[in-house]
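Here's the letter readout for the chains.
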Amino acid sequence: MAQKFNAGLAERYGVTAALLLEHIWKEVKGNEFHRRCRYGGNTWMRCSRKEFTAHMPYLSRGMVTGGIGRLKKAGILVQGEHNESRFDRTAWYAFTEYGKKVMEESEDEEHG
């Protein structure tokens with residue numbers, strides 16, 4: 001399976017972060033379309049580090065953790081927990097307003 005990522009995002013945040021952004025953006029947009037995973041005014045996607053590495057087996061859990069950390073520090077993503085069980089610690093991810101703007105601009109670059 002071919003994996004695409006935006007070169008501009010990769011230059012700014014690294015290839016791992018760019019790959020994660022594309023995956024999370026696609027999931028969040030799908031959840032928006034289906035009007036699901038809405039909490040606190042944001043649309044979220046739920047994914048564990050293990051699930052990320054299943055979708056992208058060329059990334060290690062450490063690479064995923066580092067990439068997510070960079071994106072949170074850059075103000076692109078926020079992380080939360082919206083699980084039904086208090087024992088389920090699977091992370092949820094949503095884009096900040098700034099993050100949405102970055103992703104929309106990266107789409108415009110690709111299509112413009």
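Just so it is clear, the model here is predicted, and its values are computed rather than measured.

The rules behind these values
Residues numbered from 1 in each chain as written. Predicted model: local features only at pLDDT ≥ 70, side-chain atom pairs only at ≥ 80, totals over all residues. Heavy atoms only, no water. Helix = DSSP H or I, 4+ residues; strand = E, 2+ residues; numbered from the N terminus. Expected span 1.5 Å × (residues − 1). Buried < 20%, exposed > 50% of the residue type's maximum accessible area, 1.4 Å probe, protein only. Arc of directions from axis to C-beta. Contact = heavy atoms within 4.5 Å. Core = buried A, V, L, I, M, F, W, Y, C linked by side-chain atoms within 4.5 Å. Polar contact = N/O pair within 3.5 Å; in protein donor to acceptor, adjacent residues only side chain to side chain. Patch = residues over 30% accessible without salt bridge, like charges linked within 9 Å, V, L, I, M, F, W, Y side chains within 5 Å. Areas by Shrake-Rupley, 256 points an atom, 1.4 Å probe, with all protein chains shown as cover. Salt bridge = Lys/Arg side-chain N within 4 Å of Asp/Glu carboxyl O. Lys, Arg positive; Asp, Glu negative; His and termini not counted. Charge placed at Lys NZ, Arg CZ, Asp CG, Glu CD. Phe/Tyr/Trp six-rings, centres within 6.5 Å; stacked < 30°, edge-to-face > 60°.

Asker: Break down helix 4 (residues 61-73) for me, citing the residues and quoting the values.
Answerer: Side chains of residues three or four places apart in an α-helix project in the same direction, reflecting 3.6 residues per turn. The first and last C-alpha atoms of helix 4 sit 18 Å apart over 13 residues, in line with the 18 Å expected at 1.5 Å per residue. Those residues of helix 4 that sit buried are Val-64, Gly-67, Ile-68 and Leu-71. All buried residues of helix 4 fall inside an arc of 95 degrees around its axis, so they share one side. Of the residues in helix 4, the exposed ones pointing more than 90 degrees away from the buried face are Gly-62 and Lys-73. Contacts from the buried residues of helix 4 go to helix 1 (7-13), helix 2 (15-33), helix 3 (49-55), strand 4 (77-80) and strand 5 (92-95). Residue Gly-75 follows helix 4 closely and has a positive phi angle near 80 degrees.

Asker: Please give an account of the nonpolar core that cites residues and values.
Answerer: Proteins that are soluble and globular tend to have nonpolar side chains buried together. Formed by 26 residues in total, the largest nonpolar core has its most connected members in Ile-24, Phe-52 and Phe-95. Of all elements in the fold, only helix 1, helix 2, helix 4, strand 5 and helix 5 (97-111) reach the threshold of two or more residues within this core. Looking at which element gives the most residues to this core, the answer is helix 2, with 8 residues. Not counting residues within four places of it along the chain, the set of residues in contact with Phe-95 comprises Leu-21, Ile-24, Trp-25, Val-28, Asn-42, Ile-76, Leu-77, Lys-100 and Met-103.

Asker: Give me the side chain of Ser-106: which residues, what numbers.
Answerer: Take Ser-106: it is sitting in helix 5. In this structure Ser-106 comes out as buried when scored by relative accessible area, which is 4%. Within the local environment of Ser-106, its side chain forms a polar contact with the backbone oxygen of Met-103, the two atoms lying 2.8 Å apart.

Asker: Which residues make up a negative patch on the surface, and what are the values?
Answerer: Taken together, the side chains of Glu-104, Glu-105, Glu-107, Asp-108 and Glu-109 make up a negatively charged region of the molecular surface. The residue Glu-105 is located in helix 5 in this model.

Asker: Help me get a handle on the packing of aromatic side chains, residues and values and all.
Answerer: Tallied over the full model, the rule gives 3 aromatic pairs. Both rings, one in Trp-25 and one in Phe-95, keep their centres 5.0 Å apart while their planes meet at 90 degrees; by these two values the pair is edge-to-face. Of this pair, Trp-25 sits in helix 2 while Phe-95 sits in strand 5, and the two are 70 residues apart along the sequence. The same class applies to Trp-25 as to Phe-95, namely buried.

These figures capture arrangement, not role.
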